[in-house]
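Structural description and commentary
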Amino acid sequence: MNMFSSCMITALVILTLPIIMSSTKLYKNKLYPYYVKTATSYAFMISMIPTMMFIYSGQETIISNWHWMTIQTMKLSMSFKLDYFSMIFVPVALFVTWSIMEFSMWYMHSDPYINRFFKYLLLFLITMMVLVTANNMFQLFIGWEGVGIMSFLLIGWWYGRTDANTAALQAVLYNRIGDVGFIMTMAWFLLNLNTWDLQQIFITTNDNFNLPLLGLLLAATGKSAQFGLHPWLPSAMEGPTPVSALLHSSTMVVAGVFLLIRFHPLMEHNQTIQTLTLCLGAITTLFTAICALTQNDIKKIVAFSTSSQLGLMMVTIGINQPYLAFLHICTHAFFKAMLFMCSGSVIHSLNDEQDIRKMGGLFKVLPFTTTSLIIGSLALTGMPFLTGFYSKDLIIESANTSNTNAWALLITLVATSLTAAYSTRIMFFALLGQPRFSPMIPINENNPLLINSIKRLLIGSVFAGYIISHSITPTTIPQMTMPHYLKMTALAVTTLGFILALELNLTTQGLKFNYPSNYFKFSSLLGYYPTIMHRLTPKTSLTISQKSASMLLDSIWLENILPKSISYFQMKSSTLISNQKGLIKLYFLSFMLTMILSLLILNYHG
Amino acid sequence: MSMVYINIFLAFILSLMGMLVYRSHLMSSLLCLEGMMLSLFVMMSVTILNNHLTLASMMPIVLLVFAACEAALGLSLLVMVSNTYGTDYVQNLNLLQC
């Protein structure tokens with residue numbers, strides 16, 4: 001009997017303490033953000049103990065503590081599953097959140113509602129933990145909806161701005177469409193397997209898991225912004241940068257991928273769903289990488305980069321490598337959060353300037369931010385032996401050497417080179433060259449809150465890949481032997497992307513921008529997808545409803561078929577065939593005269 | 001033929017004359033139409049009651065119903081004419097307007 005479950009529950013309870021304290025005087029205190037940050041850091045350190053126990057001995061635990069209700073034959077209880085996935089994800093998420101909270105103490109310093117901001121961030125973290133450690137689908141759904149709601153509240157943080165409200169609503173609506181799939185899966189499991197517990201689902205044999213897995217795929221498409229339900233992720237950049245760093249890069253958007261990874265025993269034997277996942281992920285990663293090439297807002301480029309990496313994770317699940325996808329989730333969290341924090345530092349230093357065409361020459365002025373931005377971009381593109389290498393390179397190798405869809409593989413490789421291209425674009429426009437911003441801004445990055453938080457994630461971006469991949473228990477065996485050209489594929493396409501982008505940027509630096517070509521317009525307007533979908537679909541449904549309800553039922557069936565058609569027909573025919581002049585008195589008089597005459601004459605008939 | 005019948009028949013003829021001969025208002029012919037209906041109703045009821053034609057005692061009711069319908073129709077036509085011209089003078093019903 002060891003302290004595994006006690007430490008884990010302690011860590012989760014520490015997280016909820018500042019929320020409970022928010023009804024006391026502590027909440028009005030100016031030090032409340034500091035308390036929240038400290039609580040998160042303590043929770044991280046305490047959760048490292050069970051993780052190290054797990055790494056040492058491979059111990060997994062399921063804590064099932066409260067029986068809620070039993071509905072006829074199904075038992076619902078509160079249970080936490082602390083296995084490989086949740087034990088490694090929880091410390092990573094807590095570490096990244098600790099850094100982001102310290103960063104947002106600097107970023108949101110002048111906000112009057114900073115206490116409420118921290119409370120929302122902490123609520124989000126708690127629901128994410130609930131999602132990750134859930135052992136039954138009901139608890140997972142609670143966490144799922146919780147992160148959706150907190151995403152809505154945090155994206156619309158500056159609610160006076162119309163665009164922020166629209167973006168928050170967009171996020172909720174797209175997530176809702178995914179939730180339909182989740183609920184369908186829950187209903188199927190309830191009807192066919194009589195349970196919502198993951199253990200019972202995995203041991204029950206059934207021939208055809210197509211329908212619930214399709215539902216899970218739809219849920220992942222909605223939450224992880226795959227192609228078809230993707231526009232909410234770049235719009236979500238309306239929220240403050242810490243929100244973008246926490247939710248929309250490391251934790252919330254990986255919830256969809258995490259769900260598919262949780263259900264990998266069901267997906268292992270279902271080739272159809274794997275192919276669907278693979279193709280969906282491949283389309284997503286290529287499409288969003290193309291869109292990222294011509295964006296001008298630094299946060300939108302990083303958002304599309306996130307979307308592209310999420311597509312890559314779906315590709316990994318599609319080639320039946322859930323553990324690699326999970327490794328990519330953990331490593332991606334480090335450098336993506338750091339990229340967002342560096343862009344937040346740049347934005348704040350330039351007095352809220354987000355357009356990369358108005359930045360430049362920050363290499364000498366913000367040396368630390370420049371360093372971390374470049375290291376983060378290199379880690380993202382999979383530079384050998386940085387963090388991204390240990391997951392991304394393994395993914396590309398596995399995809400190259402597996403019996404998979406060649407088209408999906410090809411466009412994944414193209415998207416990998418485009419990753420390098422837009423990373424070069426960020427670095428070139430934001431950091432290098434001569435400054436393009438107004439010189440009257442005092443630029444200072446000397447705040448210890450900023451420096452320490454980015455420094456922690458920087459060390460994580462460099463070393464975390466090595467540490468994690470050499471500590472975990474071996475799962476699926478990676479492919480050891482392959483031809484040298486396959487092994488060098490990822491490196492070659494990335495280098496190609498770097499060189500091409502650098503050459504193009506340097507060559508066209510001084511040229512005038514002519515009329516944009518069709519490809520530019522396609523990429524810059526996000527493939528016309530939001531323009532079409534947000535206008536055509538509502539207009540079609542509203543027109544159909546108006547035509548069927550108002551025109552068809554009311555006007556035609558109730559009014560026009562009998563009453564109005566009869567009156568119209570009568571009027572038309574009477575005007576057509578009547579040739580009277582309307583002299584009524586004459587007609588009446590002649591009638592009377594005729595009657596009198598006939599009575600008189602016929603009376604004396606005989 | 002007894003006196004009652006002649007009386008009612010005379011009422012009918014009078015209303016008929018009134019309907020066919022009038023000066024300007026369309027309303028007067030409608031009123032005389034009602035008078036005709038009334039006299040017909042009375043004659044029908046007296047005949048049936050006097051000759052004990054029990055099976056035909058439904059007919060005055062039916063006559064009343066149709067009289068009501070036709071009165072409504074006549075009135076609606078009057079209202080249409082009056083809407084167009086403001087009065088119901090019969091000299092308005094020429095071909096210039098419908």
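All values derive from a computational prediction rather than experimental measurement.

**Considering the UniProt feature "transmembrane region" in chain B**
All names here are of chain B.
- Those residues carrying the UniProt feature "transmembrane region" are residues 1-21, 29-49 and 61-81 in this numbering.
- Across residues 29-49 one finds 100% helix and 0% strand; the C-alpha atoms that close the span lie 30 Å apart.
- Structurally, residues 61-81 is divided into 100% helix and 0% strand, and its ends, taken at the C-alpha atoms, are 31 Å apart.

**A word on the packing of helix 4 (residues 114-132) of chain A against helix 5 (residues 137-155) of chain A**
Residue and element names in this part refer to chain A.
- It is at 7 Å that the axes of helix 4 and helix 5 come closest, and there the two elements cross at 155 degrees. Our classification of the angle between helix 4 and helix 5 gives roughly antiparallel. Pair helix 4 / helix 5 crosses with left-handed handedness. In contact with F117, Y120, L121, L123, F124, T127, M128, V130 and L131 of helix 4, helix 5 contributes Q139, L140, G143, W144, G146, V147, M150, L153 and L154.
- Here the contact of helix 4 with helix 5 is built from residues that sort into 14 nonpolar, four polar and no charged.

**Digging into the UniProt feature "domain: NADH:quinone oxidoreductase/Mrp antiporter transmembrane" (unreviewed entry) in chain A**
- What UniProt calls "domain: NADH:quinone oxidoreductase/Mrp antiporter transmembrane" (unreviewed entry) maps, in this numbering, to residues 134-418 of chain A.
- Counted over residues 134-418 of chain A, helix gives 74% and strand 0%. Its end C-alpha atoms are 36 Å apart.

**Observations regarding the side chain of S307(A)**
- Mapping S307(A) onto the fold places it in helix 14 (residues 298-318).
- Here S307(A) is in contact with A225(A), L233(A), T284(A) and T288(A), once residues within four sequence places are set aside.

**Let's talk about the pairing of strand 1 (residues 61-71) of chain A**
Residue and element names in this part refer to chain A.
- With nine bridges joining them, strand 1 and strand 2 (residues 74-82) adopt antiparallel strand pairing. The residue of strand 2 that forms the bridge with S64 is S79.
- The antiparallel hairpin formed by strand 1 and strand 2 contains two residues in its connecting segment, where Q72 sits at a positive phi of about 55 degrees.

**As for the environment of K585(A)**
- Within the secondary structure layout, K585(A) lies in helix 24 (residues 584-603).
- Overall, K585(A) belongs to the partly exposed group, its relative accessible area being 33%.
- Apart from residues lying up to four places away in sequence, K585(A) is in contact with Y22(B), R23(B) and V90(B).
- In terms of polar contacts, K585(A) uses its side chain to reach the backbone carbonyl oxygen of R23(B), at 2.7 Å.

**Examining helix 14 of chain A**
Residue and element names in this part refer to chain A.
- Across its 21 residues, helix 14 extends 30 Å between first and last C-alpha, which sits within 8% of the 30 Å expected from 1.5 Å per residue.
- Of all 21 residues in helix 14, 20 are buried, a share of seventy percent or more.
- Count one or two residues on from helix 14 and you reach N320, which has phi positive near 65 degrees.

**Side note on the nonpolar core**
- Ranked by internal contacts, the top residues of the largest apolar core, which has 174 residues, are F89(A), W144(A), F182(A), F189(A), W232(A), F263(A) and F326(A).
- Counting residues per element, this core draws most heavily on helix 3 (residues 84-107) of chain A, which supplies 18 residues.
- Beyond its immediate chain neighbours, meaning those up to four positions away, F182(A) contacts M137(A), L140(A), F141(A), W144(A), G215(A), A219(A) and L259(A).
- By size, the runner-up hydrophobic cluster in this structure holds twelve residues, among which are M592(A), L16(B), L26(B) and M36(B).

**Points about the packing of aromatic side chains**
All names here are of chain A.
- One pass over the full model with this rule turns up 37 aromatic pairs over all chains.
- Ring centres of F85 and F258 lie 6.4 Å apart, and the angle between their planes is 75 degrees; on these two criteria the pair is classed as edge-to-face. Within this pair, whereas F85 is found in helix 3, its partner F258 is found in helix 11 (residues 254-262), the two being separated by 173 residues in sequence.
- Residue F258 is classed as buried on the basis of its relative accessible area of 2%.
- Relative to Y528, the ring of F522 has its centre 5.9 Å away and its plane inclined at 75 degrees; by these criteria the two rings are edge-to-face.
- Through a chain of ring-to-ring contacts, three or more aromatic side chains come together here, namely F54, Y84, F85, F89, F258, Y323 and F326.
- Between the NZ or CZ atom of R116 and the centre of the ring of Y113, over which it lies, the distance is 4.7 Å.
- For the cation-ring pair, R456 lies above W98, with the distance from its terminal atom to the ring centre recorded as 3.9 Å.

**Thoughts on the confidence of the model for chain B**
- On average, residues of chain B score 89 in pLDDT, and 94% of them are at 70 or above.
- Across the predicted assembly, pTM comes out at 0.80 and ipTM at 0.81.

**Quick notes on unusual backbone geometry**
Residue and element names in this part refer to chain A.
- For L526, which is not glycine, the phi torsion reads 60 degrees and is therefore positive.
- Here L526 is to be found in the loop between helix 22 (518-524) and helix 23 (529-577).
- Taking the relative accessible area as the measure of exposure, L526 reaches 16% and is therefore buried.
- Phi at Y528 takes a positive value of approximately 60 degrees, unusual for a residue other than glycine.
- Among the secondary structure elements, Y528 is positioned in the loop between helix 22 and helix 23.
- In this structure Y528 comes out as partly exposed when scored by relative accessible area, which is 32%.

Rules used throughout
Residues numbered from 1 in each chain as written. Chains lettered and ligands numbered in written order. Predicted model: local features only at pLDDT ≥ 70, side-chain atom pairs only at ≥ 80, totals over all residues. Heavy atoms only, no water. UniProt positions renumbered as here; feature names shortened; annotations may be inferred. Helix = DSSP H or I, 4+ residues; strand = E, 2+ residues; numbered from the N terminus. Axes fitted to C-alpha atoms, helices over the stretch in contact; angles between N-to-C directions. Parallel < 35°, antiparallel > 145°, perpendicular 65-115°, else oblique. Left-handed = near helix turned anticlockwise from the far one by under 90°. Contact = heavy atoms within 4.5 Å. Nonpolar A, V, L, I, M, F, W, Y, C, P; charged D, E, K, R; others polar. Pairing = 2+ DSSP bridges. Buried < 20%, exposed > 50% of the residue type's maximum accessible area, 1.4 Å probe, protein only. Polar contact = N/O pair within 3.5 Å; in protein donor to acceptor, adjacent residues only side chain to side chain. Expected span 1.5 Å × (residues − 1). Core = buried A, V, L, I, M, F, W, Y, C linked by side-chain atoms within 4.5 Å. Phe/Tyr/Trp six-rings, centres within 6.5 Å; stacked < 30°, edge-to-face > 60°. Lys NZ or Arg CZ within 6 Å of the ring centre and 35° of its normal. pLDDT = per-residue confidence, 0-100.

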